[in-house]
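Chain and residue survey
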Amino acid sequence: MTALTLAPAPASRRRRLASPVTALIRGLATLLTVALVSTFLTFGLAALGGANPAAAVLGETATIEDIARMNHEFGLDRPFLERYATWLGHALTGDLGTSWFTRLPVAESIAQRLPVDLSITAFAVLLAVLAGGPAGIGAAVNAGGRFDRVVTAVCAAAATVPAFVVGIGLIVLFAVAIPIFPSGGYVPFSEDPAQWLRLITLPALALSLDSAADIARQLRTALVETLRENYVTGAVVRGLSRRRVLLRHALRNAAGPAVTVLGLHIPRLLGGAVVTEAVFALPGLGQLTGEAALKSDVPVIQGTLLTIIVMVLLSNVVVDAVVLRLRPGTGRRTS
Amino acid sequence: MTAPLPAAAGFAGTVRRAWRLPSVKLSIAVLAVVAVVAVLGAHLAPYDPLAQDAAQRLRGPSGAHWLGTDYLGRDVLSRLLAGTGTSVLSAAEAVAVGLVLGVVPGLASVFAGRAAEWAAMRVIDALLTLPFIVFVIAVVGIVDNGPHQAMAALGLLLAPVFFRVTRTTTLGYARAQYVEAAELAGASGGRILRVHILPKVVPTVAVTAAGAAGTALLAVSSLSFLGIGVAPPAPTWGGMLAADLGYLAQRPLAPLAPALAITITVGALNALADALRDSMGGHAAVPRPTRRDRRQPAEKEPSRV
């Protein structure tokens, strides 16, 4: 498993990524496949396992009539493939069915919870870039120095600590020992922006550590290599300032792997957000999925899974587009 | 950006080279202790890990309770020792599922037709995109909340890594001259696979398994923290953290013991995988894959815990 290095993309890959439009189409194609494969999988499991609303809601007391009645109500008495096709069709229009328990539209519950996860994930991405970027650059500039060694050690340690453990540590430090942040809860941005920020800071911080470490590591590796390139030496020889060479010439070429890694981290961030939510008692998608899972509320589970997959893939498409723009000579050639 | 292929010197050479590193000795020592505790944990525990003692709730470390007691007065050390087996065995189960689901199709994909290969790659791409925790929660919610269901789902998500690493390595050797020679000499496909290819694939897969075990243990801890897989009151590292979370004001340092157990074990697994990988690389006396084989993008670390 190689680290993603700065090595120029092989010709075939470069051709494939020739234009942002192609990249976008490829991304959307993957999105469709993944959504189809995973929803089919969960649908198949539910059908094979004989999950049904009466058993889930009424438990042991469900009679055969109850089962038949509720199966009919939720359309489970129709053939598997027909049900799946209907669900897919409805999902495309934004209708994810209704919960077996609350009878509320799944899409509505998800829309209520989504801002929580988007808030902490987006803030975590921001923190990861703000912390990982300068750390990586600093480490690369004095490679082998003391700062470099500290960054490398911290990065290695961060990879072994799960985000929820970091979260507990942050609560102990900043909510119990030095109570400057609340230990949990959530207020929407529209109600109280200041409190919103206070509440999402610790979760986002916990979530971002691992990504920040990876960004720093990738950026350091790529930048150390780039700074040895002839064109960098050339730019220095021509009298450009060190800062300009570093930021304008080297960084632009070295940022690719770090951005790719950030893209690879987005699923981890979204998945990690689910666990981090539990640590900080945030009413997000994770809480919704977790509660649904413990109750076997299948429509909610399928809806949240699809939502998270779509978010992961959309972010992948965006990251691909950014990488493409950063890589010299690819984006401009055809667009 | 082809994946590093192992040295032809074989697995024994790799292990010998790696063993010289202090980090490997330390990792093996840590993992040996963890393994012993995983097997004997319940017998080593000074108390019953489930026994509650209302008079001794949330006590700090003392002579009687070395790591203190939790909110129900249960002995933390006993729960930590008893929980080791559950946590470690769950992770091992997930890795085993991933190995089977990844290595077998990985080998098959090299020799199967292009249609099968294409289909396999699409499924792998799809699996690589799924976030670990969310998917496992979904499967458990649909099927049933049990340890084996959760670990099967987790194993399925670990499979792509094994698939890719098996496929890349096998491709490298399947086109090697000595394999061609064996074919010309009339060796059967099964024999070539068994004698000429599998021994070369095993070391790479073993290294991948060490890394995957670290990933799996992190995922298992997160899942048991959420009450997925192993349900309370059975002791698990993640479950202990979840229990401590409500009483941080009274015992802020309580999470330290399970957190360290997770971190140190995962760290040892990662260090071992890294060291073995480093010892393998650099001596790659293997044939490079042909251009067609290199079409697939470089390995990406699965980053979805």
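Rules and cut-offs
- Along each chain, residues carry numbers from 1 onward, in the same order as the chain's sequence is written.
- For this description, chains carry letters from A and ligands carry numbers from 1, given in the order in which they are written.
- For this predicted model, a pLDDT threshold of at least 70 governs which residues receive local features, and a threshold of 80 or more governs which side-chain atom pairs are given and counted, while totals over whole chains, interfaces and linings are taken from all residues.
- Side-chain metrics rest on all non-hydrogen atoms present in the structure, leaving aside hydrogens and water.
- Under the scheme used here, helices are H or I runs from DSSP no shorter than 4 residues and strands are E runs no shorter than 2 residues, and both carry numbers assigned from the N terminus.
- Accessible area is worked out with a 1.4 Å probe on protein chains only. A residue is then buried under 20% of its type maximum, exposed over 50%, and partly exposed in between.
- The contact criterion used is simple: two residues touch if any of their non-hydrogen atoms lie within 4.5 Å.
- For every accessible area listed, the method is Shrake-Rupley and the probe measures 1.4 Å; residues are considered covered only by the protein chains on display.
- Candidate patch residues must exceed 30% relative accessible area and have no salt bridge, after which like charges are joined if within 9 Å and Val, Leu, Ile, Met, Phe, Trp or Tyr side chains if within 5 Å.
- The working definition used for a salt bridge is a side-chain nitrogen of Lys or Arg within 4 Å of a carboxyl oxygen of Asp or Glu.
- Just so you know, the count uses Lys and Arg for positive and Asp and Glu for negative, and it drops His and the chain ends.
- Think of each charge as sitting on NZ of Lys, CZ of Arg, CG of Asp or CD of Glu.
- Annotation comment: domain bounds sourced from an automatic or database domain assignment.
- Here the quantity called buried area is the total loss of accessible area, with a 1.4 Å probe, experienced by two parts when brought into contact, counted for both.
- Residues belong to one nonpolar core when they are buried, are Ala, Val, Leu, Ile, Met, Phe, Trp, Tyr or Cys, and are joined through side-chain atoms within 4.5 Å.
- The pLDDT value tells you how sure the predictor is about a given residue, anywhere from 0 up to 100.

1. As for the overall build of chain B
Assigned secondary structure in chain B consists of ten helices and zero strands. Listing each helix as α and each strand as β along chain B from the N terminus yields α-α-α-α-α-α-α-α-α-α. Taken across its 305 residues, chain B has 54% of its residues classed as buried. Pairs at least 24 residues apart make up 77% of the contacts formed inside chain B by residues separated by at least 6 positions. Approximately 12700 Å² of chain B is accessible, and the part contributed by carbon and sulfur atoms is 66%.

2. Quick notes on a positive patch on the surface
All names here are of chain A. A contiguous patch of positive charge, built from Arg 244, Arg 248, Arg 252 and Arg 325, is present on the exposed surface. Here the positive patch gets three residues from one element, more than from any other, and that element is helix 11 (residues 242-279). Among the structural elements, Arg 325 can be located in helix 13 (residues 298-326).

3. Here's the deal with a nonpolar patch on the surface
A contiguous nonpolar surface patch, about 360 Å² in accessible area, is contributed by Val36(B), Val39(B), Leu40(B) and Leu44(B). Residue placement: Leu44(B) occurs in helix 2 (residues 22-44).

4. Comments concerning the domain arrangement of chain A
Interfaces are often described in size by the accessible area the parts lose on coming together. Residues and elements named next belong to chain A. You can read the domains of chain A as domain 1 (29-95) and domain 2 (114-326). Each of domain 1 and domain 2 has a C-alpha centre, and these two points are 35 Å apart. At the junction of the two partners, domain 1 supplies 13 residues and domain 2 supplies nine residues. Carbon and sulfur atoms supply 83% of the area that domain 1 and domain 2 bury against each other, a total of about 910 Å² over both sides. If you sort the residues of domain 1 by the area they bury against domain 2, Leu 31, Thr 42 and Trp 87 come out on top, with a joint share of 43%. Those elements that provide at least two residues to the side of domain 1 that touches domain 2 are helix 2 (20-49) and helix 5 (80-92). Among the elements that take part in the side of domain 1 that touches domain 2, helix 2 stands out by supplying nine residues, more than any other.

5. Describing the nonpolar core
Considering soluble globular proteins, one finds that nonpolar side chains tend to be buried as a cluster. With 150 residues, the main nonpolar core has Phe164(A), Leu223(A), Val279(A), Val136(B), Leu154(B), Phe225(B) and Leu241(B) as its most contacted residues. Structurally, this core is a two-domain feature, drawing no fewer than three residues from each of domain 1 (29-95) and domain 2 (114-326) of chain A. Residues within four places of Phe225(B) in sequence aside, it is in contact with Phe164(A), Ile168(A), Val275(A), Ala278(A), Val279(A), Gly238(B), Gly239(B), Leu241(B), Ala242(B) and Leu245(B). Of all hydrophobic cores here, the second largest spans seven residues; its members include Ala135(A), Ala139(A), Val151(A) and Ala158(A).

6. A word on the confidence of the model for chain B
All names here are of chain B. Mean pLDDT over chain B: 81, with 88% of residues reaching 70 or higher. Mean pLDDT across the elements of chain B bottoms out in helix 1 (residues 11-19) (76) and peaks in helix 3 (residues 76-111) (91). Per-residue pLDDT stays below 50 along residues 1-8; that stretch engages in 32 contacts with residues further than four places along the chain or on separate chains. Under a pLDDT of 50 for its full length, residues 282-305 has, in the predicted model, 72 contacts with residues more than four places off or in other chains. Here the predicted complex carries an ipTM of 0.79, next to a pTM of 0.82.

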